[in-house]
Amino acid sequence: MNIDKIIARQAAYYANDAQLFQTRGSILDLSLPKFEKYAVCNLRGGIGKSTLTFNLAYDSQNILAIDTCPQGNSTAFFSGGQAVTGVTMYDALLPYTMPRMSFPSNIALPVENYNQYFEGHNSYFVPSSANLYEFPTLLEGALAQARNIPVVREAERAKVQILESLKSLIERELKKLEVSRVIIDTSPFFSGATQLSWHAVDALIVPVRTDQQSVDSLELLLDLLGNPNRAFMRAMGDAGLSIPKIQMVVVTHCGWSTAPGARNEPNNQTKIYLKKVKELISKNMQHFTTNDPDNHIVPVDDFLGSGRIASAKQIPIKCLRPNQSFTINGQQVEVNSSVEKCQKQLSFISQSIW
Ligand SMILES: Nc1ncnc2c1ncn2[C@@H]1O[C@H](COP(=O)(O)OP(=O)(O)OP(=O)(O)O)[C@@H](O)[C@H]1O
Ligand SMILES: [Mg+2]
């Protein structure tokens, strides 16, 4: 598998982003279709879903960010680590599985009221709740009830209403908030709110960490998207609901060669996984938004200390400066000098997807 173009693109972007980016047909032009609504998703933990959701939302502005993961890591980012009271994603989804419950209003919160770095961003978030751990069971129960409705057409309509619940909830919120973009953080599991988010978005952003388990989870995700015997397609049946395509695989935790004379060359581990990812994408092009695998792979460096600081202090990576120092649990942690490279990589993703 040849990854030269993917590497050369990164080098070109560091050299001169703004100018090259505007040249159509240049190596930096991924020619990706643009969408408004994305879910950040892969079926593995600790690969960067919540971190990317937060940082891409920061870059975008005018966006609704939704945390569907019961762990609530992106909720902590958006809320600046504060406890959030009020309506959660669980409360908002519950009425769709329990017909007599009323729908809560005003579920989205202005991020700037919680996280100072979002001041003036016109961005909102819907917090998650640990109750979402129980949501898969409720969803299954509701779908089973829908299937038991004796009139076929009504059964079908009830099922679609449940599967598109998050989609209609988002549409309602977007109208009220007057923003058009959406980014959804998902849990490392498929069932429940992740399943609903696949029906709610235009496309997926899939982080894959440079390890074999992450590549395996990409393979599983591809199978779920396309295999009629797997839960996603099986639940949908003949309902003809849309299936999201993958816009981008973000290869996270990449490292670069420190050998003398090496410039912008990935280290061996990163190379191996970039190749594996490309191979997998090449075999599954039908699930991507274009038919060129090189368009869909973007490496992002390991955030190192910046990642730790960003998580502990809920600071967007874009707001960190090299060598700034923070105290975390009584320990001094420095922003690594490569943070500027990570910032450029995040800009490249944003400019390519929105
Ligand atoms: N390039 C990178 N992209 C994203 N995260 C990175 C990167 N490099 C290092 N990290 C670190 O990796 C960790 C990823 O954690 P994160 O909570 O975002 O993962 P997750 O996929 O949401 O996990 P979970 O499935 O448990 O919700 C963070 O500590 C983050 O700072
Ligand atoms: Mg997460």
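Residues numbered from 1 in each chain as written. Chains lettered and ligands numbered in written order. Predicted model: local features only at pLDDT ≥ 70, side-chain atom pairs only at ≥ 80, totals over all residues. Heavy atoms only, no water.

Observations regarding the overall build of the chain
Counted only if it meets this: Helix and strand labels come from DSSP, where a helix needs a run of H or I of at least four residues and a strand needs a run of E of at least two; each type is numbered from the N terminus. For the exposure calls, accessible area comes from a 1.4 Å probe over protein chains only, and a residue counts as buried if that area is under 20% of its type's maximum, exposed if over 50%, partly exposed in between. What makes two residues a contact is simply this: any of their non-hydrogen atoms within 4.5 Å. Method for areas: the Shrake-Rupley scheme with a 1.4 Å probe, in which residue coverage is limited to the protein chains shown. Charge convention: Lys and Arg are scored as positive, Asp and Glu as negative, and His as well as the terminal groups of each chain are ignored. For this purpose, a charge sits on NZ of Lys, CZ of Arg, CG of Asp or CD of Glu.
Along its length, the chain carries 14 helices and ten strands. Considered along the principal axes of its C-alpha atoms, the chain spans approximately 70 × 45 × 35 Å. Residue burial in the chain is summarised as follows: out of 354 residues, 54% are buried. Restricting to contacts in the chain with at least 6 residues of sequence separation, those with at least 24 account for 73%. Approximately 15,400 Å² of the chain is accessible, and the part contributed by carbon and sulfur atoms is 47%. Here the chain carries 33 positive and 32 negative side-chain charges, and the mean point of each set is 2 Å from the other.

Topic: the pairing of strand S2 (residues 63-67)
Stated precisely, the cut-off is as follows: In this analysis, strands are considered paired if DSSP registers two or more bridges between them.
Among the five residues of S2, five are classified as buried, and the element is accordingly described as predominantly covered. Neither face of S2 is exposed, since Ile63, Ala65 and Asp67 on one face and Leu64 and Ile66 on the opposite face are all buried. Here S2 runs beside strand S4 (residues 124-126); their pairing, made up of three bridges, is parallel. Paired with alanine 65 across the two strands is phenylalanine 125, which belongs to S4.

Looking at helix H6 (residues 135-147)
Basically, it comes down to this: Helices are assigned an expected span. That span is 1.5 Å times one less than the residue count. Of all possible arcs, the one meant is that of the directions from the helix axis to the C-beta atoms.
With 13 residues, H6 should cover 18 Å at 1.5 Å per step; its first-to-last C-alpha distance of 18 Å lies within 8% of that length. Regarding H6, the residues found buried are Phe135, Leu139, Ala142, Leu143 and Ala146. Down the axis of H6, the smallest arc covering the buried residues is 100°, so these residues share one side. Along H6, exposed side chains directed more than 90 degrees from the buried face belong to Thr137 and Gln145. Check the buried side of H6 and you find it contacts helix H5 (89-97), helix H7 (152-163) and helix H9 (193-200).

Observations regarding the layout of surface pockets
Basically, it comes down to this: A cavity here means a set of 1 Å grid points, computed over protein atoms only, where a 1.4 Å probe fits but cannot escape. A pocket is an open set with protein on both sides within 12 Å along at least 5 of 7 lines, and lining residues have an atom within 4 Å of a point. Grid points are joined across faces, edges and corners, and a volume is the space filled by probe spheres set on the points. Residue type decides the class: Asp, Glu, Lys and Arg count as charged, Ala, Val, Leu, Ile, Met, Phe, Trp, Tyr, Cys and Pro as nonpolar, and the leftover types, Gly among them, as polar.
Space inside the largest pocket adds up to approximately 440 Å³. Along its surface, the largest pocket is lined by 26 residues, and Gly46, Ile47, Gly48, Thr51 and His253 are the ones closest to its centre. Contributing elements (two or more residues each) for the lining of the largest pocket: helix H3 (49-60), helix H4 (73-78), strand S7 (245-254), strand S8 (297-301) and helix H13 (305-313). Taken together, the residues of the lining of the largest pocket break down into nine nonpolar, twelve polar and five charged. One number sums up the size of the second largest pocket: a volume of about 240 Å³. Together, Pro95, Tyr96, Thr97, Pro99, Phe103, Ala142, Gln145, Ala146, Ile149, Ala158, Gln161 and Ile162 line the second largest pocket. Counting residues per element, the ones that place at least two in the lining of the second largest pocket are H5, H6 and H7.

Details of the site of ligand 1
The line we're drawing: In these notes, residues near a molecule or strand are those with any non-hydrogen atom within 4 Å of it. Pairing of N or O atoms within 3.5 Å defines a polar contact, subject to two protein rules: one partner must be a possible hydrogen donor and the other a possible acceptor, and residues neighboring in sequence count only if both atoms are side-chain atoms. Placement in a cavity or pocket follows one criterion, namely that more than half of the molecule's atoms lie within 2 Å of its grid points.
Among the 18 residues in the neighbourhood of ligand 1, the closest are listed as Gly46, Lys49, Ser50, Thr51 and Asp301. Between ligand 1 and threonine 51 there is a distance of 2.5 Å, counted from an oxygen atom to a side-chain nitrogen or oxygen. Within the contact set of ligand 1, a nitrogen atom lies 2.9 Å away from a backbone nitrogen or oxygen of phenylalanine 303. Under a 2 Å grid-point criterion requiring more than half of the atoms, the pocket assigned to ligand 1 is the largest pocket. Listing elements by their share of the shell around ligand 1, those giving two or more residues are H3, S7 and S8. Looking at side-chain class alone, the shell around ligand 1 contains four nonpolar, ten polar and four charged residues.

Quick look at the pattern of salt bridges
Note the threshold: Take a side-chain nitrogen of Lys or Arg and a carboxyl oxygen of Asp or Glu: if they are within 4 Å of each other, that pair is a salt bridge.
Here the structure, examined in full by the defined rule, presents ten salt bridges. When the shortest N-O distance is used, the salt bridge between glutamate 173 and lysine 176 registers 3.1 Å. Of this pair, glutamate 173 and lysine 176 both sit in helix H8 (residues 165-177), three residues apart, roughly one helical turn. A relative accessible area of 44% means that lysine 176 is categorised as partly exposed.

A few points about unusual backbone geometry
Where the residue is not glycine, phi is negative for most of them; where a peptide bond is considered, it is trans in most cases. Notably, histidine 253 is not glycine yet its phi reads approximately 65°, a positive angle. As for its position among the elements, histidine 253 is in strand S7. Relative accessible area serves as the criterion here: at 23%, histidine 253 is assigned to the partly exposed category. Positive phi, normally seen in glycine, also occurs at leucine 304, with a value near 55°. Note that leucine 304 resides in the loop between S8 and H13.

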